[in-house]
Amino acid sequence: MNDINAAEMADYRQLVGEIRGHAHRYFVLDEPSIPDAEYDRLMRRLQSIEERYPQLIDATSPSQRVGGEPLSEFTQLRHEVPMLSLDNAFDAESLSDFGRRVTERLNQSADVAYLCEPKLDGVAVSVLYREGVLVRAATRGDGFVGEDITANAKTIHSIPLRLHGVSVPELLEVRGEIYLPRDGFARLNATAIERGEKTFVNPRNAAAGSLRQLDCAVTAKRPLEMCAYGVGQLDGERQPDTQLGMLQYLGELGFLINPHIFLAADLIQCEAYYADLAVRRNTLAYDIDGIVYKVNAFELQRRLGFVTRSPRWAIARKFPAEEEITRLLAVEFQVGRTGAVTPVARLEPVFVGGVTVSNATLHNADEIARLDIRVGDSVIVRRAGDVIPKIVKVVFEKRLTDAVPIRFPASCPVCNSPVEQTLDEAIARCTGGLFCPAQVKQAIKHFASRRALDIDGLGDRLVEQLVDAKCIHSVVDLYTLELATLTPLERVGAKSASNLLVAIEKSKNTTLAKFLYALGIREVGEGSALLLANSFGSLEAIADASGDELLDVEGIGPIMARHIRDFFTNPDARSIMRALQEKGVRWADIDLNASVQTPLRAQTWVLTGSLQEMSRAEAKEVLLGLGAKVSSSVSVQTSHVVAGPGAGSKLRQAETLAIPIMDEQQFIAFLDAYNDA
Ligand code: D41
């Protein structure tokens, strides 16, 4: 063994302290202080010193997070102080019942303060420290006996290996929740799909599965976190006397404390906090399934005590479940504007994520195969926030013998034309084109939509009625509609019929870009339409452009170019365009020499949060069409930020840098000003 001199020893100690500090700022405070590469360099320096002087290594060295032989099984551990469970409140009434029980039992008329904590949806654990050193970690298990997960817990960077600060207790047992943030979950599943492995249903299962690894090297690759929410045992100088004080102390000792905790002065503030977090729930980086309310003062907690296994001083108010079990009643196949045949699951209606869900998309044949789903199966439906409901899993244990496998149709369910699947995409398409009534309906709806020719009053239902009644066969027929055709239709009054005719007349006056977009050429969204209009100036020029000429336009790739060529060489499409112009649809061609084609060039835009009327991809396309750059991060170079609901750090950054911010409505008005120019 080499002897280490005093200078090298001091150097080593300094390095350990430095790495600990950076790791704490990165993993606990979420405020990285140095680039990742620099952190890696410090770690490598530490490891090389430890290689030379192995006697330096102790269990709390930052190099010791992953180590040891894989276990053959988990050892059972008995908790010295049992881990209690939480009572649930599923509505506002049970919460106020809880509040009443608290004040009655305390025999106190003054308001009781509660600490409100987001209820993280993960795995409850206990982590034990002696003289400031992590010695043991265990899952909650049944509250009395859990599993020894010490090696796995050590791989989690928000669990300190050694407590920080000056007031280190002799004994500390911290309780907390280990969870997997959503982006880590998404990455884990994406990798699993790539490798053809089984995916996890939700972040909680993924966290539990990651903790159940016998080889901690596997756990180390999962970006797990632990948030501390309480203490089982504490022997030491400092003895906080409130829950908030305790969490602050745990924060000083190096633990991650949820930044959204809130001290409510009374139950009314508790309710307000619930309402606030219920809407912001999906903007958090991790899943929460409710709020935990805890009487803040430990003295009051002591007086309230326990009933069997749960404290009288705490309750969990649950959010509506985001996952429910229901049955698959049937699968129908819908045909979209471009012929894409999409399987749609018809479900026994179920209340999930705050709404009743009776349909969910199954995407494509690959998804049906991946889920191995059959009609009659019990399935788990997930609807988080305002996202589209999704079938995440079949409950195979409940599969009945008469469950029916799903056959993807070989011919279009609407027009009977053959369905084709090309090799380069997962999507199957009806080959019926404009002979397929389903595609015709979608094409007309798109043509009339707000961002295309904007025919007010021509809603989806009316389009379906008109096509079904054979009043119209293509968009051209819109321009020969008469009152006498419209008024006999169900639910169409004389007034709305004449309004519609006025709107149709008005739609004739349009722009080249809107007309191109309205045609519904595959891959050509609003932004590409604008790009085409500004690059070629006229419909004729675009129709006659060769593949190479199209590819010369920056922003048009080979796939889009092929679809544009296919569209304009199709005689049916050409005759529809000619007919529309004969009916009076018109626009001004663009003088390529005179006009400024890229009004937003030299600008950089950032899109954040969710948009309702257009997707982020569409918004990006439009901005690119106007010559702007679109970036994913906000900096001093950013010209404008468009922020929708759910915007977070980028919006705050923009506010800090005083960058102009628009909401979606302002953004659309802004685009319209260019489009109509
Ligand atoms: O975030 C959580 N999941 C959480 C769980 C929390 N913030 N606080 C909790 N507090 C308790 C008591 C009041 C019993 C100490 C809990 C849990 N218990 C808990 N988690 C699983 C079972 C009980």
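Structure: above.
Model, not experiment: these values are computed from the prediction.

**Quick word on the overall build of the protein chain**
Right, so step 1: When helices and strands are counted, the protein chain shows 24 helices and 26 strands.
Right, so step 2: The dimensions of the protein chain, computed from C-alpha atoms along their principal axes, are 90 × 60 × 55 Å.
Right, so step 3: A burial count over the protein chain gives 46% of its 677 residues as buried.
Right, so step 4: Pairs at least 24 residues apart make up 67% of the contacts formed inside the protein chain by residues separated by at least 6 positions.
Right, so step 5: Averaging the positions of the 74 positive and the 90 negative side-chain charges in the protein chain gives two centres separated by 3 Å.

**Concerning the pattern of salt bridges**
Right, so step 1: Scanning the entire structure with this criterion turns up 33 salt bridges.
Right, so step 2: Of the charged contacts, one joins Glu173 and Arg175 as a salt bridge, the two residues approaching to 3.0 Å between their closest N and O atoms. As far as the burial class goes, Glu173 and Arg175 line up, both buried.
Right, so step 3: Across the pair Asp183 and Arg187 runs a salt bridge whose closest N-O atoms are separated by 3.8 Å. Pair noted here: Asp183 and Arg187 are both in helix α5 (residues 182-194), with a separation of four residues, about one helical turn.
Right, so step 4: Among the charged side chains, a network of salt bridges with common partners joins Arg182, Arg281, Asp287, Glu322, Glu323 and Arg382.

**Thoughts on the nonpolar core**
Right, so step 1: Grouped together as the largest cluster of nonpolar side chains are 74 residues, with contacts concentrated most on Leu458, Leu516 and Phe568.
Right, so step 2: Setting aside chain neighbours within four positions, we find Leu516 in contact with Ile521, Ala529, Leu532, Ala533, Leu539, Ile542 and Phe568.
Right, so step 3: Phe74, Ala153, Met226 and Met246 belong to the second largest nonpolar core, which has 36 residues in total.

**Regarding the pairing of strand β16 (residues 355-361)**
Right, so step 1: Relative to β16, strand β15 (residues 340-352) is paired through six bridges, and the arrangement is antiparallel. Paired with Val352 across the bridge in β16 is Val355.
Right, so step 2: Hairpin connection of β15 to β16: two residues between the antiparallel strands, including Gly353 at a positive phi of 60°.

**Considering the side chain of Thr511**
Right, so step 1: Inspection of the secondary structure assignment puts Thr511 in the loop between α15 (494-507) and α16 (512-518).
Right, so step 2: A polar atom in the side chain of Thr511 sits 3.1 Å from the backbone nitrogen of Lys514.

**Some points on the packing of aromatic side chains**
Here a ring pair, both rings aromatic, is described through the centre-centre distance and the interplanar angle of the planes.
Right, so step 1: The final tally for this structure, using the stated rule, is eleven aromatic pairs.
Right, so step 2: Summarising the aromatic geometry, the rings of Tyr26 and Phe27 are spaced 4.7 Å apart at their centres and angled 75° between planes, so their arrangement reads as edge-to-face.
Right, so step 3: An angle of 40° between the planes, with centres 5.1 Å apart, marks the rings of Tyr274 and Phe319 as tilted. Taken together, the residues Tyr274 in helix α9 (residues 267-280) and Phe319 in the loop between β13 (314-318) and β14 (323-335) connect sequence positions 45 residues apart.

**Digging into the environment of Gln439**
Right, so step 1: Tracing the sequence through the fold places Gln439 in helix α12 (residues 437-448).
Right, so step 2: Separated by 101 residues in the primary sequence, Gln439 and Thr338 place their C-alpha atoms 6.6 Å from one another.
Right, so step 3: Filtering out sequence-adjacent residues up to four positions away, Gln439 remains in contact with Val335, Gly336, Arg337, Thr338, Gly339, Cys430, Gly432 and Gly433.

**A few points about helix α17 (residues 526-536)**
Right, so step 1: Counting buried positions along α17 yields ten of eleven residues, so the element is predominantly enclosed.
Right, so step 2: Residues Glu526, Gly527, Ser528, Ala529, Leu530, Leu531, Leu532, Ala533, Asn534 and Phe536 constitute the buried set of α17.
Right, so step 3: Gly537, located one to two residues past α17, shows a positive phi value of around 85°.

**A word on the sheet that holds strand β7 (residues 171-179)**
Right, so step 1: Read from one edge of the open sheet, four strands run β5-β4-β7-β8, paired in antiparallel fashion. Looking along the sheet, the strands with just one partner apiece sit at the ends: β5 (133-139) and β8 (225-235). Put simply, the sheet's adjacent strands are angled 25° from each other on average, direction ignored.
Right, so step 2: Relative to β8, β7 is paired through nine bridges, and the arrangement is antiparallel. Its bridge partner being in β8, Glu177 is matched across the sheet by Cys227.
Right, so step 3: Against the sheet, helix α6 (residues 203-211) makes contact with β4 (123-130) and β7, and its axis sits at roughly 40° relative to β4, the strand it touches most.
Right, so step 4: The strands touched by helix α8 (residues 243-252) within the sheet are β7 and β8, with β8 carrying the most contacts at an inclination of about 110°.

**A word on the sheet that holds strand β24 (residues 629-631)**
Right, so step 1: If you walk across this open sheet you meet the four strands as β24-β23-β25-β26, and the pairing is parallel. For this open sheet the edge positions go to β24 and β26 (661-662), each flanked by a neighbour on one side alone.
Right, so step 2: Pairing analysis gives four bridges linking strand β23 (residues 604-608) to strand β25 (residues 640-643), with the strands arranged parallel. Pairing of Thr608 across the sheet is with Ala643, part of β25.

**So, the site of the ligand**
Right, so step 1: The full set close to the ligand counts 14 residues, and Glu117, Leu120, Glu177, Tyr229 and Lys294 are the nearest of them.
Right, so step 2: Measuring from an oxygen atom of the ligand, one finds a backbone N or O atom of Leu120 at 3.0 Å.
Right, so step 3: With respect to the ligand, the side chain of Glu177 contributes an N or O atom lying 3.2 Å from a nitrogen atom.
Right, so step 4: Relative to its unbound accessible area of 490 Å², the ligand is 87% covered by the protein chains.
Right, so step 5: Contributions of two or more residues to the shell around the ligand are made by β3 (114-120) and β10 (288-295).
Right, so step 6: Top element by residues in the shell around the ligand is β3. It accounts for four residues.
Right, so step 7: When its residues are assigned to classes, the shell around the ligand shows nine nonpolar, no polar and five charged.

Parameters at a glance
- The written sequence of each chain sets the order in which its residues are numbered from 1.
- Local features in this predicted model are restricted to residues of pLDDT 70 or higher, and side-chain atom pairs are both shown and tallied only at a pLDDT of 80 or more, whereas totals for entire chains, interfaces and linings draw on every residue.
- Computation of side-chain values: all heavy atoms of the structure, hydrogens and water removed.
- Starting at the N terminus, helices and strands are each numbered in turn, a helix being any DSSP run of H or I of at least four residues and a strand any DSSP run of E of at least two.
- Only protein chains enter the accessibility calculation, which uses a 1.4 Å probe; a residue whose area is less than 20% of its type maximum is buried, one above 50% is exposed, and one in between is partly exposed.
- The contact criterion used throughout is that any non-hydrogen atoms of two residues lie within 4.5 Å.
- Under this rule, positive means Lys or Arg and negative means Asp or Glu; His and the chain ends count for nothing.
- In plain terms, the charge of a residue is placed at NZ if it is Lys, CZ if Arg, CG if Asp and CD if Glu.
- The term salt bridge refers to a side-chain nitrogen of Lys or Arg lying within 4 Å of a carboxyl oxygen of Asp or Glu.
- Only buried Ala, Val, Leu, Ile, Met, Phe, Trp, Tyr and Cys residues count toward a nonpolar core, and they belong to the same one when joined by side-chain atoms within 4.5 Å.
- In short, DSSP must find at least two bridges between two strands for them to pair.
- Identification of polar contacts relies on pairs of N or O atoms within 3.5 Å, with a donor-acceptor requirement for protein atoms, meaning one able to donate a hydrogen and the other able to accept it, and with residues adjacent in sequence counted only if both atoms are side-chain atoms.
- Only Phe, Tyr and Trp rings take part, Trp by its six-membered ring, and two of them pair if their centres are within 6.5 Å. Stacked means planes under 30 degrees apart, edge-to-face means over 60, and tilted covers everything else.
- Each axis is a line fitted through C-alpha atoms, and for a helix only the stretch in contact is used; angles between axes span 0 to 180 degrees, taken between their N-to-C directions.
- Any residue with a non-hydrogen atom lying within 4 Å of a molecule or strand is treated as near it.
- Areas reported here follow the Shrake-Rupley algorithm with a probe of radius 1.4 Å; residue values treat only the protein chains shown as occluding.
- Under the grouping applied here, Gly and all other residues not named as nonpolar or charged are polar, the nonpolar ones being Ala, Val, Leu, Ile, Met, Phe, Trp, Tyr, Cys and Pro and the charged ones Asp, Glu, Lys and Arg.

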